[in-house]
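Take a look at the letters that make up each chain.
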Amino acid sequence: MARQPALGQHAMVVAQEPLAADVGLAVLKAGGNAVDAAVAVGFALAVTYPFAGNLGGGGFMLVRSADGRTTFIDFREKAPLSASRNMYLDTGGKLTKDSIVGWRACGVPGSVRGFGLAHQKYGHKPWAELIDPAIQLAAAGYPVTYQFSQSLIAGTNSNKLLSQFPESKRIFLSSHYGDTLTQPELAATLTRIRDKGPGDFYEGEIAHKLAAAMEANGGLITLDDLKQYQAVERTPLRGHYRDYEVITSPPPSSGGIGILQMLGMLDGSGYEKAGAGSAASIHYVAEAMRRFYADRSEYFGDPDFVKVPGTKLLDPRYISSRRASIDVQHVTPSQQIRPGNLGPYESTETTHFNIVDSEGNAVAVTYTLNGGYGNGVTVPGLGFLLNNEMDDFAAKPGEENMFHLIQGEANAIQPGKRPLSSMTPTILTHDGKVFMVLGAPGGSRIINGVLQVILNVVDFHMNVQDAVDWPRFHHQWMPDQLYLEKGISPDTVAILRGMGHKIAPYENTNPVVARVEAIVNDNGWLQGGADGRGNAKAEGY
Ligand code: DON
């Protein structure tokens, strides 16, 4: 834990794949603003980081302009119009794998519309200039890195997934470490998007080809689904933690309410006095996590379909009552924690990047195919992978999804609805200026990863690189397990066990609590923290 942050006096990019980070920096140096750079990085990652970068997925972009204006661009996928509540149950009512693997797992993709909307409203540079670098990377190819090749070797889940679909197998499983991966079909698709605009993906030739491939393979997405898809702007959530304003992700993300609720439980508790990495501080934060995730299981869904009781969930009196139920010495077992009583209530492998430009505009983007390489399908002739975002719904309310999340009726499948997300792009400001920009992939662990990096900077005064590299932990109410990353001392683990925590063994779980990317503005010096858990790059100038 002794790496220096990347430094920049003007601008900074942090992204999970170095070639895409370079694309973003080049756009900034050529006079593009943070949104221009974000769009260019988004398209580049679709080529250089097919694990999660995408045209066939969706996500969120949080923007804070230097003048203080903010927006949240929601380009989350939607359930196809022919989707239905029980579509992933077999005749015996059991959950199938169809929400995870193959054509039927795909929600209507939003990324191309999202980048189109962001560029049209907030970008300066010509659209074509932002896609050209991605076209170049797809057409000329790039060397397959160690990390990329390792994610594809025989025996890995990704290899098993992609082997099932001939086009994916042909494109991704034939290249090895050091080979040049070219993607001519993807280059052609990107060229159409460059020349015809984002509309081609939703109404033009790309849309027709995608809809025809869906029909031929038992997928649900039709031309109508694509034509109707719109990215939308929503108002970001705002709250305070100590001297900072926190600007974060509203529903259909559960993350922003989660961050604000957990910060609210911690604020004034004095938890930080025990020090970073101490059993007492881990315990207290884990108890706050457990309480938020219980609420997440019940109250959250697409705000266009269900009323998410955000005001009540963030009411300081409600948060105080949740805080008051935390025992500083002992675990409260999850069975004893229910989603909070809010009073009368009307029911009615992702990737993240951050950019700050020389004017002080800040952008945080998390977008995803959901699982690594999505549903495994590359659309023949179009060269891009499809998402399995339908698994983020409660395909059977009350039963676990891929991330072991239990979710409720508010997140049941309905045609045209967006599945609930944990993606949490977040920006902190101080004295009216951007102080911190961050976010992460990691499924249900995203919210807790983002929370801990904020705490490491604000409460434990770490520099941004230490803050992202520092070992993390995760509790999501159910299963009632505390997941610990490597690096937390065995003595601390023993104390936590003594308090009643059930510690998930490292071996039995993916031991990584999100890969968080962050930028901190340290009195005019931009510091970039690229999470050492992956192959990310932070670079500024
Ligand atoms: O939106 C969500 O919450 C998930 N689809 C995110 C998936 C993810 O982060 C996978 N990456 N590790």
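The structure we're discussing is the one just above.
Below is a short write-up of the structure. Sequence order as written defines residue numbering, which begins from 1 separately in each chain. The predicted origin of the model limits local features to residues at a pLDDT of at least 70 and limits the giving and counting of side-chain atom pairs to 80 or more, whereas totals for whole chains, interfaces and linings rest on all residues. The basis for every side-chain value is the complete set of non-hydrogen atoms in the structure, without hydrogens or water.

Quick look at the site of the ligand now. Near, as used in this document, describes a residue that has one of its heavy atoms within 4 Å of the molecule or strand being considered. The environment of the ligand is made up of 15 residues, and the closest members are T350, E389, D392, S421 and S422. In the analysis that follows, any N or O atom pair within 3.5 Å is treated as a polar contact, provided that within protein one partner can donate a hydrogen and the other can accept it, and provided that, for residues neighboring in sequence, both atoms belong to side chains. In this structure, a nitrogen atom belonging to the ligand sits 2.6 Å away from a side-chain N or O atom of E389. When isolated, the ligand has an accessible area of 340 Å², and the protein chains bury 97% of it. Think of a 1 Å grid over the protein atoms and nothing else: a 1.4 Å probe that fits but is trapped marks a cavity, an open set flanked by protein within 12 Å on at least five of seven lines marks a pocket, and residues with an atom within 4 Å of a point count as lining. In this scheme, a molecule is assigned to a cavity or pocket if more than half of its atoms are within 2 Å of the grid points. Judged by the proximity of its atoms to the pocket grid, the ligand belongs to the largest cavity. Where each domain starts and ends comes from a domain assignment, either automatic or drawn from a database. Viewed by domain, the shell around the ligand spans two of them, domain 1 (19-56 + 73-232 + 369-406) and domain 2 (234-349 + 424-522), each represented by three or more residues. The protein chains shown are the only cover counted for residues, whose accessible areas, like all others here, come from Shrake-Rupley with a 1.4 Å probe.

What follows is about empty space enclosed by the protein. Grid points are joined across faces, edges and corners, and a volume is the space filled by probe spheres set on the points. Roughly 110 Å³ of volume is contained in the largest cavity. Partitioned by chemical class, the residues of the lining of the largest cavity number five nonpolar, seven polar and four charged. One number sums up the size of the second largest cavity: a volume of about 70 Å³. Looking at the second largest cavity, the residues that line it are A46, P50, G53, N54, L55, F172, Q183, L186, L369, G383, F384 and L385. Residue classes follow a fixed rule: Ala, Val, Leu, Ile, Met, Phe, Trp, Tyr, Cys and Pro count as nonpolar, while Asp, Glu, Lys and Arg count as charged, and any other residue, Gly among them, counts as polar. A class-by-class count of the residues in the lining of the second largest cavity yields eight nonpolar, four polar and no charged.

Another point: unusual backbone geometry. Cis geometry is found at the peptide bond from P251 to P252, where omega equals 15°. The helix count covers DSSP runs of H or I at least four residues long, the strand count covers runs of E at least two residues long, and both are numbered beginning at the N terminus. Note on placement: P252 falls in the loop between strand 9 (244-248) and helix 12 (255-266). The linkage connecting M478 with the following residue, P479, adopts the cis geometry, with an omega of -5°. For P479, the location among the structural elements is in the loop between strand 14 (473-474) and strand 15 (482-484). The phi angle at N370 is positive, at roughly 80°, despite the residue not being glycine. Mapped onto the secondary structure, N370 falls in the loop between strand 11 (362-368) and strand 12 (426-430).

We now examine the packing of helix 12 against helix 13 (residues 279-299). Packed helices, taken two at a time, are described by their axes: the angle between them and the distance between them. Packing of helix 12 against helix 13 brings their axes to within 9 Å, and their N-to-C directions diverge by 140°. When the axes of helix 12 and helix 13 are compared, the pair comes out oblique. Regarding helix 12 and helix 13, the two cross each other, and that crossing is right-handed. Contact with helix 12, carried on its side by I257, G258, Q261, M262, M265 and L266, involves Y284, V285, A288, M289, R291, F292 and D295 of helix 13 and no other residues of that element. Looking at the contact of helix 12 with helix 13 residue by residue, the class counts come to nine nonpolar, two polar and two charged. Every angle, taken between N-to-C directions, lies between 0 and 180 degrees, and every axis is a line fitted to C-alpha atoms, over only the stretch in contact when it is a helix. For classification purposes, an angle smaller than 35 degrees is called roughly parallel, one larger than 145 roughly antiparallel, one from 65 to 115 roughly perpendicular, and anything else oblique. By definition, turning the near helix anticlockwise from the far helix through less than a right angle yields a left-handed crossing, and turning it clockwise yields a right-handed one. Contact between two residues is taken to exist if any of their heavy atoms lie within 4.5 Å; hydrogens are not considered.

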